[in-house]
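Each chain is listed here by its residues.
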Amino acid sequence: MSYRNKTYVIFDGDNDMWAYARMKGWKALENIDFNFYDAHDLNPLTKQASNEQYIKQRLLERMNNAKQVIVLIGGSTKNLYRFVRWELDQALSMKLPIIAINLNNSRRIDEALCPSILKLQNCVHIAFRMRMIRHALDNFPPFFKSIKPTEKKNWYYEDKVYSDLGISN
């Protein structure tokens, strides 16, 4: 399922590009069962990319085509307002399902690292593990549609889901 819907990925381009590149690498390998339709492959940025309004316009075009969002949460993600906070705000206002991936492999919300805008916003918090990301992309967006708008919490998968997927600590 994750390969059918466009996924918009939010991350710290200075510090967490490695994680985004790893996801793209998993996708590129034929012997690995991991795929996602990356919304960033749409509307490439041009030389005008130094203009903040132009960049935000292009990012918004990409997000408008997405059905779900991944946010890679690293050490400085919560402090980035110019783009990351803006992207999160857009995703929330569009009511897109958000999968918060902890690069420190925490399986639940990491209160110290999670951007405050995501706390109690009905997004699912998971560890940065390929099988878990695939599982969340396949299962969380359909579940998200059934959540009552008044029910605000930090979602996560129980440890059993990780072990069933063959993921140990």
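Residues numbered from 1 in each chain as written. Predicted model: local features only at pLDDT ≥ 70, side-chain atom pairs only at ≥ 80, totals over all residues. Heavy atoms only, no water.

The next subject is the layout of surface pockets. The volume enclosed by the second largest pocket comes to roughly 260 Å³. Taken together, 13 residues make up the lining of the second largest pocket; nearest its centre are Lys95, Asn122, Phe144, Pro149 and Lys152. Each residue belonging to the lining of the second largest pocket can be placed in one class, and the counts come to seven nonpolar, two polar and four charged. (1 Å grid on protein atoms, 1.4 Å probe; cavity = no way out; pocket = protein on both sides within 12 Å on 5 of 7 lines; lining within 4 Å. Points joined across faces, edges and corners; volume = space filled by probe spheres on them. Nonpolar A, V, L, I, M, F, W, Y, C, P; charged D, E, K, R; others polar.)

Gaps left between atoms are located by rolling a probe of water-molecule size over the structure's atoms. This model, assessed by the stated rule, comprises one cavity of 30 Å³ or more. Here the largest cavity is characterised by a volume of approximately 40 Å³. Taken together, Thr77, Lys78, Leu80, Tyr81, Val84, Arg85, Leu88, Pro115, Ser116 and Ile117 form the lining of the largest cavity. Grouping the constituent residues of the lining of the largest cavity by class yields six nonpolar, two polar and two charged.

Our focus in this paragraph is helix α4 (residues 130–144). The end-to-end C-alpha separation of α4 is 21 Å, in line with the 21 Å expected for 15 residues at 1.5 Å each. Alanine 136 marks where α4 bends most, by close to 30°. Within α4 the residues assigned to the buried category are Met130, Met132, Ile133, Arg134, Ala136, Leu137, Phe140, Pro141 and Phe144. (Helix = DSSP H or I, 4+ residues; strand = E, 2+ residues; numbered from the N terminus. Expected span 1.5 Å × (residues − 1). Bend = angle between axes of the 7 residues up to and from the residue. Buried < 20%, exposed > 50% of the residue type's maximum accessible area, 1.4 Å probe, protein only.)

All right, on to the packing of aromatic side chains then. Going through the model one piece at a time under the given rule, you end up with six aromatic pairs. Seen from their ring centres, phenylalanine 11 and tyrosine 20 are 4.6 Å apart, and the 20° between their planes marks the pair as stacked. For phenylalanine 11, a relative accessible area of 16% puts it in the buried group. When the centroid spacing of 5.8 Å and the interplanar angle of 55° are considered together, the rings of phenylalanine 140 and phenylalanine 144 count as tilted. (Phe/Tyr/Trp six-rings, centres within 6.5 Å; stacked < 30°, edge-to-face > 60°.)

Going through the model one piece at a time under the given rule, you end up with eight salt bridges. Here glutamate 52 and lysine 56 are joined by a salt bridge, their closest N and O atoms 2.8 Å apart. Note that glutamate 52 and lysine 56 are positioned in helix α2 (residues 52–64) at a spacing of four residues, about one turn of the helix. (Salt bridge = Lys/Arg side-chain N within 4 Å of Asp/Glu carboxyl O.)

Where α2 meets helix α3 (residues 81–93), the closest approach of the two axes is 11 Å, and the angle between their N-to-C directions is 35°. The handedness of the crossing between α2 and α3 comes out as right-handed. Facing α2, whose interface residues are Glu52, Ile55, Lys56, Leu59, Leu60 and Met63, α3 presents Arg82, Phe83, Trp86, Glu87, Gln90 and Ala91. Broken down by class, the residue content of the contact of α2 with α3 amounts to seven nonpolar, one polar and four charged. (Axes fitted to C-alpha atoms, helices over the stretch in contact; angles between N-to-C directions. Left-handed = near helix turned anticlockwise from the far one by under 90°. Contact = heavy atoms within 4.5 Å.)

Scope: geometric values only; no functional claims are made or implied.
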